[in-house]
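What follows is each chain in one-letter form.
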Amino acid sequence: NVTANDGTSFGTDTDMTINFTNKTDSGLDITYRVDFDTDPGDGGAFGADETSIAIAGGFGKIVLGFDDDAADAYNIDESDLIAEDAAPAVGSMTISTSSSISSDDANKVAYHLPAMGGLTAGISHTDRGAAGGTDTTSWGAKYAMSAGGASITLGYAAVQDENATQDVDMENMGMKIVSGDISVIISQGGYEANDEDRQNMGAAISYKMPNGMTVGAYTFTSEDDLDAGEEYSRSGVEAQYTIASGLTAVLNVDDYEYKLGTNADSDGAGVSDSGTASKLTIKAAF
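Keep in mind the model is a prediction, meaning the values are calculated, not measured.

Peer 1: How should the overall build of the protein chain be read in this particular structure?
Peer 2: When its secondary structure is counted, the protein chain shows 0 helices and 15 strands. Here the protein chain has a C-alpha radius of gyration of 20 Å; the compact-globule value for 286 residues is 19 Å, and the two agree. Looking at the 286 residues of the protein chain, the share that counts as buried comes to 34%. Excluding contacts between residues fewer than 6 apart, the proportion of contacts in the protein chain whose partners are at least 24 apart in sequence is 50%. Accessible surface, the protein chain as shown: approximately 15,400 Å² in total, 55% of it carbon and sulfur.

Peer 1: How should I be thinking about the pairing of strand 1 (residues 15–23) in this particular structure?
Peer 2: If a strand is regular, its side chains alternate between the two faces of the sheet. The pairing of strand 1 with strand 2 (residues 29–37) spans 9 bridges and is antiparallel. Of the residues in strand 2, the one forming a bridge with Met16 is Phe36. The loop that links strand 1 with its antiparallel partner strand 2 comprises 5 residues; one of these, Gly27, has a positive phi angle of about 95°.

Peer 1: Explain the environment of Asp227 here, please?
Peer 2: By secondary structure assignment, the location of Asp227 is in the loop between strand 12 (213–224) and strand 13 (231–244). Considering only alpha carbons, one finds Asp227 and Arg198, 29 residues apart in sequence, at a separation of 9.2 Å.

Peer 1: Mind showing me how you'd approach the nonpolar core here?
Peer 2: Grouped burial of nonpolar side chains is what soluble globular proteins tend to show. Counting residues in each nonpolar core, the largest one holds 8 residues, listed as Val90, Met93, Ile95, Phe220, Tyr232, Tyr256, Tyr258 and Leu260. Contacts of Ile95, omitting those with residues within four sequence positions, involve Arg198, Ser222, Glu223, Asp224, Glu230, Glu231, Tyr232 and Tyr258. Grouped together as the second largest cluster of nonpolar side chains are 7 residues, Ala71, Ala157, Val168 and Ala193 included.

Peer 1: Whenever I open this one, a nonpolar patch on the surface confuses me. Can you help?
Peer 2: On the surface, Met16, Ile18, Phe20, Tyr32, Ile53, Phe59, Ile62, Leu64 and Val109 cluster together into a nonpolar patch covering about 720 Å² of accessible area. Elements with a contribution of two residues or more to the nonpolar patch: strand 1 and strand 4 (60–67). Per element, the largest residue contribution to the nonpolar patch is 3 residues, and it comes from strand 1. Position of Ile18 relative to the elements: it lies in strand 1. Judged by its relative accessible area of 33%, Ile18 is partly exposed.

Peer 1: It is not clear to me how unusual backbone geometry should be interpreted in this structure. Could you clarify?
Peer 2: Note: most peptide bonds trans; most residues except glycine with negative phi. Backbone geometry at Asp195 places phi at a positive 60°, although glycine is not the residue there. Tracing the chain through its elements places Asp195 in the loop between strand 10 (182–193) and strand 11 (196–208).

Cut-offs used in this document
- Each chain carries its own residue numbering, running from 1 in the direction its sequence is written.
- Local features are withheld for residues below a pLDDT of 70 in this predicted model, meaning they are given only at 70 or higher, and side-chain atom pairs are given and counted only at 80 or more; totals for whole chains, interfaces and linings count all residues.
- Note: side-chain values were computed over all heavy atoms of the structure, leaving out hydrogens and water.
- Strands here mean DSSP runs of E at least two residues long; helices mean DSSP runs of H or I at least four residues long; both are numbered from the N terminus.
- Two things to know: the radius of gyration comes from C-alpha atoms, and the globule rule equals 2.2 Å times the number of residues to the power 0.38.
- Using a 1.4 Å probe on the protein chains alone, a residue whose accessible area is under 20% of its type maximum counts as buried, one over 50% counts as exposed, and one in between counts as partly exposed.
- Throughout, a contact is declared for two residues whenever any of their heavy atoms are within 4.5 Å.
- In these tables, accessible area is a Shrake-Rupley quantity obtained with a 1.4 Å probe, and a residue counts as shielded only by the protein chains included in the view.
- Criterion used throughout: strands pair if DSSP finds at least two bridges between them.
- Here, nonpolar core means buried Ala, Val, Leu, Ile, Met, Phe, Trp, Tyr and Cys residues that are tied together by side-chain atoms lying within 4.5 Å of each other.
- Residues with no salt bridge and a relative accessible area higher than 30% make up the patches, which join like charges within 9 Å and nonpolar side chains (Val, Leu, Ile, Met, Phe, Trp, Tyr) within 5 Å.
- Salt-bridge detection follows one rule: a side-chain nitrogen of Lys or Arg within 4 Å of a carboxyl oxygen of Asp or Glu.

If you want it as structure tokens, here you go:
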């Protein structure tokens, strides 16, 4: 229903990751990781996205440098079963498009506990320096277990960004169940900030077919309790097919609806919208 959102386009995304590893005589595992955005055509900045050093041993793992928040490792959301989540959105809307939490690539220190049975956990902190800077603290945990022949993983992740007006708080809770070739995820998330109180719910399912194709489907809803009537919902299906080793075709079809509400943050500049977005992706891994 919005002319600016109606049409077709081509896009590319290229990523290159290099890992240097070393094991010390004392048994420490040291990894230096560099992740490059090598495709300026995707609209992002050309150069290194992430650069970090990890030191691991019996005490757990310490990560230093420009990398994801610790909570990113423990987040479980409906997009985890979808290879190429299109996440269609209206440019002027201010509401969530996924139950996941955001992760900020910035210089930080992170610590992950050694695995204790099925439990893993970690925490990170980003110090942005001068007074008034938006320091970020992030933490999360996962617990994996087996029941009735199925593998079950429970996850919780949270991020807190300091803010002069009101701190930004994000959280995610999810459960993943894998039974044979079928995987299911149920997730819930929240986002609180100045004039924002969003409640997010998501679910997804995927099935690995005998012919090598993987099919999946998902649904997601978000609403802002402080902006009366502002809602966003989307659902989609996906088919992944391995053409050859390292070469995959992915087809996505997403249906979405956005309701502006009576008191939306866009202050009247936004519009309600609904539509369908389809995408064909060819992926190559080397």
